[in-house]
Amino acid sequence: MSSRVAASQPSVGPGEILPYAAARHPDKIALVVGDTCLTYQELDHLSDAVAASLRTRGIGARDVCSLYAQNCWEWIVAYHGILKSGAIVNPVNVMLTGPELAFVLSDCEAEALFFGASQADTVASVLQEMAAVELVCQLDGDVGDVIGAVTFTELLTAPVVGPPAAPPAPGPADLCSIGYTSGTTGHPKGAMQSQRSVLLNCALTATMHGRNSDDIVVTALPSAHVYGNVAVNSTFLAGGTVVLMKRFDAGEALALLDEDRATLFEGVPAMYSMMLAHPAFETTDLSTLRASTIGGQTFSAELLDRWQTRAPGPVLELWGMTELSGLGTTHAVHAPPVAGSIGVALPGLEVKIGSIDGTEDEVPTGEHGELLVRGPLVMLGYYGRPDATAEALTDDGWLRTGDVAYVDDTGHFFIVDRLKDMIVTAGYNVYPAEIERVIGAHPDVALVAVGGRPDPVKGEVAVAYVVPAPEARLLPEDIIEHCRGELAAYKRPREVVFVDALPTTSSGKLMRRKLAEIDSDRSIVRAR
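Position labels on residues start from 1 in each chain and follow its written sequence. pLDDT decides what is reported in this predicted model: residues at 70 or higher carry local features, side-chain atom pairs at 80 or more are listed and counted, and totals for whole chains, interfaces and linings draw on all residues regardless. With hydrogens and water set aside, each side-chain value is computed from the structure's full complement of heavy atoms.

1. Thoughts on the overall build of the chain
No. 1: A run of H or I in DSSP counts as a helix once it spans at least four residues, and a run of E counts as a strand once it spans at least two, with each numbered from the N terminus. What the chain contains, in helices and strands, is 14 helices and 27 strands.
No. 2: Radius of gyration means the value over C-alpha atoms here, while the globule rule gives 2.2 Å times the residue count to the 0.38 power. In terms of C-alpha radius of gyration, the chain reaches 23 Å, essentially the compact-globule figure of 24 Å for 528 residues.
No. 3: By principal-axis analysis of the C-alpha atoms, the chain measures approximately 70 × 55 × 50 Å.
No. 4: Accessible areas in this description were obtained via Shrake-Rupley with a 1.4 Å probe; residue shielding takes into account the shown protein chains only. Here the chain displays about 21,400 Å² of accessible surface, and carbon together with sulfur accounts for 52% of that area.
No. 5: Between the centroid of the 37 positive side chains of the chain and the centroid of its 65 negative side chains there is a distance of 1 Å. Charge counting treats Lys and Arg as positive and Asp and Glu as negative, with His and both chain ends excluded. Charge placement uses NZ in Lys and CZ in Arg. For Asp and Glu, CG and CD serve respectively.

2. A look at helix H8 (residues 226–238)
No. 1: The end-to-end C-alpha distance of H8 is 18 Å, a good match for the 18 Å that 13 residues give at a rise of 1.5 Å each.
No. 2: Of the residues flanking the end of H8, it is Gly-239, one or two places downstream, whose phi is positive at about 85°. The span you would expect from a helix comes to 1.5 Å times its residue count less one.

3. Points about the pattern of salt bridges
No. 1: Whenever a carboxyl oxygen of Asp or Glu lies within 4 Å of a side-chain nitrogen of Lys or Arg, that contact is scored as a salt bridge. Applying the stated criterion across every chain yields a total of 15 salt bridges.
No. 2: Residues Arg-290 and Asp-215 are paired through a salt bridge, measuring 2.8 Å at the closest nitrogen-oxygen approach. Within this pair, whereas Arg-290 is found in the loop between helix H10 (269–277) and strand E13 (291–294), its partner Asp-215 is found in the loop between helix H7 (195–208) and strand E10 (216–219), the two being separated by 75 residues in sequence.
No. 3: A relative accessible area of 25% means that Arg-290 is categorised as partly exposed. Note on exposure labels: buried denotes an accessible area under 20% of the residue type's maximum, exposed denotes more than 50%, and partly exposed covers the range between, all computed with a 1.4 Å probe on protein chains only.

4. Overview of the confidence of the model for the chain
No. 1: Per residue, pLDDT captures the predictor's confidence, and it can take any value from 0 to 100. Per-residue pLDDT for the chain averages 89, and the proportion of residues at 70 or more is 92%.
No. 2: Whether two residues touch is decided by their heavy atoms; if any such pair falls within 4.5 Å, the residues are in contact. Every residue in residues 1–5 scores below 50 in pLDDT, and together they form 16 contacts with partners more than four places removed in sequence or on other chains.

5. Quick notes on H10
No. 1: Most of H10 sits out of view: seven of its nine residues are buried.
No. 2: Every buried residue of H10 is listed here: Pro-269, Ala-270, Met-271, Tyr-272, Ser-273, Met-275 and Leu-276.
No. 3: Considering only its buried residues, H10 is in contact with helix H9 (250–259), strand E12 (264–267), E13 and helix H11 (301–307).

6. As for the sheet that holds strand E14 (residues 315–321)
No. 1: Note on pairing: DSSP must find at least two bridges between two strands before they are called paired. Strand order in the open sheet made by the nine strands is E2-E1-E11-E10-E12-E13-E14-E15-E16, with mixed pairing throughout. Strands with a single pairing partner mark the edges of an open sheet, and in this sheet they are strand E2 (36–39) and strand E16 (344–345).
No. 2: This element, helix H3 (residues 73–84), spans strand E1 (29–33), E2 and strand E11 (241–244) of the sheet and lies at about 135° to E1.
No. 3: Angular values range over 0 to 180 degrees, each being the angle between N-to-C directions of two axes fitted as lines to C-alpha atoms, with helices fitted over their stretch in contact. Seen against the sheet, H7 touches strand E15 (326–330) and E16 and runs at an angle of roughly 35° to E15.

7. Regarding unusual backbone geometry
No. 1: In the Ramachandran plot, Arg-261 falls in the positive-phi region, its phi being about 55° despite a non-glycine side chain.
No. 2: Topologically, Arg-261 is positioned in the loop between H9 and E12.
No. 3: Judged by relative accessible area, which is 33%, Arg-261 ranks as partly exposed.
No. 4: In the Ramachandran plot, Ala-426 falls in the positive-phi region, its phi being about 55° despite a non-glycine side chain.
No. 5: Along the chain, the position of Ala-426 falls in the loop between strand E22 (423–425) and strand E23 (428–430).
No. 6: Accessibility expressed as a relative area gives 23% for Ala-426, which makes it partly exposed.

8. Structural notes on the environment of Ile-82
No. 1: With respect to the element layout, Ile-82 can be found in helix H3.
No. 2: Between the alpha carbons of Ile-82 and Gly-60 there is a distance of 7.9 Å; along the sequence they are 22 residues apart.
No. 3: Apart from residues lying up to four places away in sequence, Ile-82 is in contact with Val-50, Leu-54, Cys-65, Leu-67, Ala-87, Ile-88, Val-89 and Phe-114.

9. Points about the packing of H7 against H8
No. 1: At a minimum axis distance of 8 Å, the contact between H7 and H8 shows a crossing angle of 70°. It follows from the interaxial angle that H7 and H8 lie roughly perpendicular. Across from Val-198, Asn-201, Cys-202, Ala-203, Thr-205 and Ala-206 in H7, the residues of H8 making contact are Asn-229, Val-230, Asn-233, Ser-234 and Leu-237.
No. 2: Charged residues are taken to be Asp, Glu, Lys and Arg, nonpolar residues to be Ala, Val, Leu, Ile, Met, Phe, Trp, Tyr, Cys and Pro, and polar residues to be all remaining types, Gly included. When grouped by side-chain class, the residues that make up the contact of H7 with H8 number six nonpolar, five polar and no charged. Our angle categories are set so that under 35 degrees counts as roughly parallel, over 145 as roughly antiparallel, 65 to 115 as roughly perpendicular, and the remainder as oblique.

10. Focus: the packing of aromatic side chains
No. 1: Between 30 and 60 degrees the pair is tilted, below 30 it is stacked and above 60 it is edge-to-face, where a pair is any two Phe, Tyr or Trp rings, Trp via its six-membered ring, whose centres lie within 6.5 Å. As enumerated under the stated definition, the model contains 10 aromatic pairs in all.
No. 2: Arranged with centres 4.4 Å apart and planes meeting at 25°, the rings of Tyr-428 and Tyr-490 form a pair that is stacked. Linking Tyr-428 in strand E23 with Tyr-490 in the loop between helix H14 (476–484) and strand E26 (495–498), this pair joins segments that are 62 residues apart in sequence.
No. 3: Counting every residue linked through ring pairs, the aromatic cluster contains Phe-265, Tyr-272, Phe-281 and Trp-307.
No. 4: By the criterion adopted, a ring carries a charge over it if an Arg CZ or a Lys NZ lies within 6 Å of its centre and within 35 degrees of its normal. Over the aromatic face of Tyr-382 sits the side chain of Lys-189, whose NZ or CZ is 5.0 Å from the ring centroid.

11. Re the side chain of Glu-434
No. 1: Relative to the elements of secondary structure, Glu-434 occurs in helix H13 (residues 432–439).
No. 2: Between N or O atoms, a polar contact is any pair within 3.5 Å; within protein, one atom must be a potential hydrogen donor and the other a potential acceptor, and residues adjacent in sequence are included only when both atoms are from side chains. At 3.0 Å, the side chain of Glu-434 and the side chain of Lys-491 are in polar contact.

12. Focus on the environment of Glu-370
No. 1: By the secondary structure assignment, Glu-370 is in strand E18 (residues 369–374).
No. 2: Owing to a relative accessible area of 7%, Glu-370 belongs among the buried residues under this scheme.
No. 3: Considering only alpha carbons, one finds Glu-370 and Gly-427, 57 residues apart in sequence, at a separation of 21 Å.
No. 4: In this structure, Glu-370 is in contact with Lys-352, Ile-353, Gly-354, Ser-355, Ile-356, Arg-400, Thr-401, Gly-402, Asp-403 and Leu-419, ignoring residues within four places of it in sequence.
No. 5: For Glu-370, the side chain forms a polar contact with the main-chain nitrogen of Gly-402, separated by 2.9 Å.

Right, dumping it as structure tokens:
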């Protein structure tokens, strides 16, 4: 799809965003990453080249293409090129280890893999197991140890042999993206997102946050995360400029906000905490920030107040899920603020509080229950997992979020707790069962349970409570080292506590909420 023929409002999927923006703002800077600046027209043409090259190689409609790289301009171009080719995009968390990556690629049956130079060793270690992957492309730098990989430059400049067949036009309900969440049963699940849901989330987010063509948005959110994806593409949809950081650094973020006269910053609480703690915070000019967004976990009122001493625009708290392609609730930029709330439902999305007993019966205003969501943003289901889909989606389309919440009389929602045992650490979702599956495989471990512990910077960190096998000479360091090769850094336990027994119900079911009461004066090691 080219900007020459797409000037009308996007109506089907996110593959239309760049052609639409390029038709309106061809020479405007759309994306800044380090020293690289790309206009909308350049982004559109580069992604056209990727799409043509993919189709020439036989990759297109309904094929899955995985993206496994740090934030970079090539990631953004590849994402839109994949969509323009008619293929399905699979954004992969860059922190996944080899075994985790191998599972995702195999589970979604990926035909192509785009990866970053920093991930080359991990890719090389699992690629021989991935016979179905037909194209392997390194996005940045020279190809190193990954046999058979091509460079992104080769893909961009490859001659097109004959006119590649145009991809079938997708329908709004067609599959667009497969985003993996950590699995409560020990393996991640691929949430299938429709063309409509991804585009609508970007459009509705842009509307609620008042995005416009004058915006300069600074963000270090991972592009592979739905929050990061919406931050970038909702800005593109509005014709603004995205200043994308490869990795978050508090000093660099403050400098970019000041020097680029940013109008919007998007981040998670840990990022704000680190910027507030940085020596440069008190001298950084943040007066051009018309708003800031924050999601992933709660943010203390004290930190919020301190941020607003230098950034007087509203802080828009939000809530979302991979299963929603991004946001589900947020604050409208011009509406009165409601402290501690995750905002109101996005337009067209139904959000209610169901009974805590698992029924869909709506509870009275102010009463605690499970947050339920229904509407066009809800996923199609979990890829290849009808059992998990049936657990998450009711027969009449309500998504069970697993979050305990309540709503006030103005329609603002408040998160209270989680029904699930999910741990949110620095904005990342971590499930205890996945960590337990890895630790439980250690030969010297008899039993293990993982719980969350409050942390002033990351919100929560994972703590492993381990019952050693009889006569085992197990050290806490052994557990942490065992996890290193199997789990991404953010999933690894930050502490290990040896115990004689774990708290259980009379039926033997583990009571994770009792883990915090265990005497932690025993053998503890903090991971570094």
